[in-house]
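Chain and residue survey
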Amino acid sequence: MKAAVLGSGNGGCAAAYDLSKFGFGVRLFDFPEFPENIEAVSRAGGIHAPGEADGFAEVEYAGHDMEKAMAGAELVFAVGPAYSTEPFGKACRQYAKAGQKFIVCPGSCGGGVVFKRALGAELTDSGIVVAETSTLPYAVRVLEPGKIHIYLRLKGGVLLAALPSSETGRVIDLLKPVFPCLSPAKNVLQTALQNANPVIHPTVTLLNAANVERTRGGFLFYEEGVTSAVGNVIEAVDKERIAIGKALGITVVPDPVQGGKQGYMLEENYSTGYSKAPGFAGIKAQSDLRNRYLMEDVGYGLVFFSNLGKQLGVATPVMDSIIQLASVLLKKDFAGEKARTMESMGLSGYSAKELDELL
């Protein structure tokens, strides 16, 4: 089989590596604004991963030509931050064909809906299936252009849902041999809500803002940034997320529990559960407050959660306060910009029952 991977960052290179190792003919695409990894992979003919059994996976094509990347691909992975989802969808729209399966990994709160609309397809169209995951199936970093380090493969707790949801089982069956950590979600609202990044990253960043500015990221984000007081705020955000899920008839697993399933965490609490988690050990804080921990996880995460809560009549005062504080901190109107809301995804005005029927 052939697979196209859109996005040459941490997750994109890891997905290309795994798919190639499993026997897929892989093509790697990214926009011309992001040439470093693409050029390195193209020169080497593949991706290096020190520490892996073999350490090298071949890539058939790495470049900026979407037509070449998409040609004959049965699977298309869009792997990148939330702001890349719509551009990727628009860029491959003219090359999309019936029968192809598109995976937005991770969905970063509604990415599957955004991608499918960018393709120009109806959400209920089963001819072109778009699925999304709740998170990446591994923790990975690019060491240098064309070289990655996968330091944790998640044991489980990675949800996947397709649009339409009747196709979820087929997509899971196709991907499970490559990504055994996958399990089916009820729909894409469950994958969105089970994304823990908006629960953790903005809170820890805001409550350590002075340290980020003073040290330029010279401290350990989880080990030193999460204390019992910080954990109290993370827990409050998580409870609001769980309440939104309940209003939809969806079970949202508390993050420390989900973190244990994934292999990140050992303790099911909101303080030492993070600060002593083996999967988070050694992770440095960001060097700048204008980082994805706020720009993405507030703008595309918490704003979406809060907006969904309002539509369902679920109050989210803690999330709203974090959105407001982040806006003041960066002098940026996250709520007003509406980067990812039910309205921007064409889902406003629906009741919980109607959303369940649609998705």
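Whatever comes next refers back to the structure up there.
These notes cover the structure that comes with them. The numbering scheme is per chain: residues are counted from 1 as the chain's sequence reads. Where totals are concerned, whole chains, interfaces and linings use all residues; where local detail is concerned, this predicted model gives features only for residues with pLDDT of at least 70, and gives and counts side-chain atom pairs only at 80 or more. Hydrogens and waters are ignored; side-chain quantities use all the structure's heavy atoms.

Points about the pattern of salt bridges
To be explicit about the condition: Salt bridge, as used here, is a side-chain nitrogen of Lys or Arg placed within 4 Å of a carboxyl oxygen of Asp or Glu. We call a residue buried when its accessible area falls under 20% of the maximum for its residue type, exposed when it is over 50%, and partly exposed in between, using a 1.4 Å probe and counting protein chains only.
On inspection of all chains with the given rule, the structure shows 13 salt bridges. The partner of Glu167 in a salt bridge is Arg170, and the shortest N-O contact between them spans 3.1 Å. Here Lys338 and Glu343 are joined by a salt bridge, their closest N and O atoms 3.9 Å apart. For Glu343, a relative accessible area of 52% gives the class exposed. Counted as one network, the salt bridges with shared partners bring together Lys2, Arg27 and Glu60.

Looking at the packing of aromatic side chains
Just so we agree on the cut-off: Think of it this way: a Phe, Tyr or Trp ring, Trp meaning its six-membered ring, pairs with another when their centres are within 6.5 Å, and the plane angle makes it stacked under 30 degrees, edge-to-face over 60, tilted otherwise. To qualify as a helix, a DSSP run of H or I must reach at least 4 residues; to qualify as a strand, a run of E must reach at least 2; elements of each kind are numbered from the N terminus.
Within this structure, the stated rule accounts for 12 aromatic pairs. On the numbers, 5.6 Å between centres and 45 degrees between planes, the contact of Phe102 with Phe115 is tilted. In this pair, Phe102 is assigned in strand β7 (residues 101-104) and Phe115 in helix α5 (residues 111-119), connecting sequence segments 13 residues apart. Of the two residues examined, Phe102 and Phe115, each falls in the buried class. Ring geometry for Phe221 and Tyr293: centres 4.8 Å apart, planes at 55 degrees, overall tilted. Of this pair, Phe221 sits in the loop between α9 (209-215) and α10 (228-247) while Tyr293 sits in helix α13 (residues 292-295), and the two are 72 residues apart along the sequence. No difference in accessibility class separates Phe221 from Tyr293, as the two residues are buried. In this structure an aromatic cluster arises from ring pairing among Phe221, Tyr222, Tyr264, Tyr274, Phe280 and Tyr293.

Some points on the packing of helix α8 (residues 197-206) against α10
To keep it simple, the criterion reads: Axis lines are fitted through C-alpha atoms, for helices just across the contact stretch, and the angle between N-to-C directions can take any value from 0 to 180 degrees. Just so you know how the angles are binned, under 35 degrees is roughly parallel, over 145 roughly antiparallel, 65 to 115 roughly perpendicular, and the rest oblique. Rotating anticlockwise by less than a right angle from the far helix to the near helix defines a left-handed crossing, while the corresponding clockwise rotation defines a right-handed one. Contact definition: two residues touch when any of their heavy atoms are within 4.5 Å.
It is the contact of α8 with α10, at a shortest axis distance of 9 Å, that shows an interaxial angle of 150 degrees. Accordingly, the angle class assigned to the pair α8 and α10 is roughly antiparallel. Our pair here, α8 against α10, has a crossing hand that is right-handed. Contact residues: Pro198, Val199, Ile200, Thr203 and Val204 in α8; Val230, Val233, Ile234, Val237, Asp238 and Arg241 in α10.

Digging into the sheet that holds strand β6 (residues 75-78)
Stated precisely, the cut-off is as follows: Only strands that DSSP links by at least two bridges are regarded as paired with each other.
A sheet is described by the order of its strands in space; here 8 strands give the open sequence β5-β2-β1-β6-β7-β8-β11-β12, paired in mixed fashion. Where the open sheet ends on each side, the last strands, each with one partner, are β5 (61-63) and β12 (182-184). In this sheet, adjacent strand axes meet at a mean angle of 20 degrees when their direction is disregarded. When strand β11 (residues 158-163) meets β12, the two strands line up parallel, connected through 3 bridges. Looking at the pairing, Leu160 lines up with Pro184 of β12. Of the strands in this sheet, β6, β7, β8 (129-133) and β11 are in contact with α5, which crosses β8 at around 155 degrees. Running over the sheet, helix α6 (residues 168-175) touches β6, β7, β8, β11 and β12 and is turned about 130 degrees from β11.

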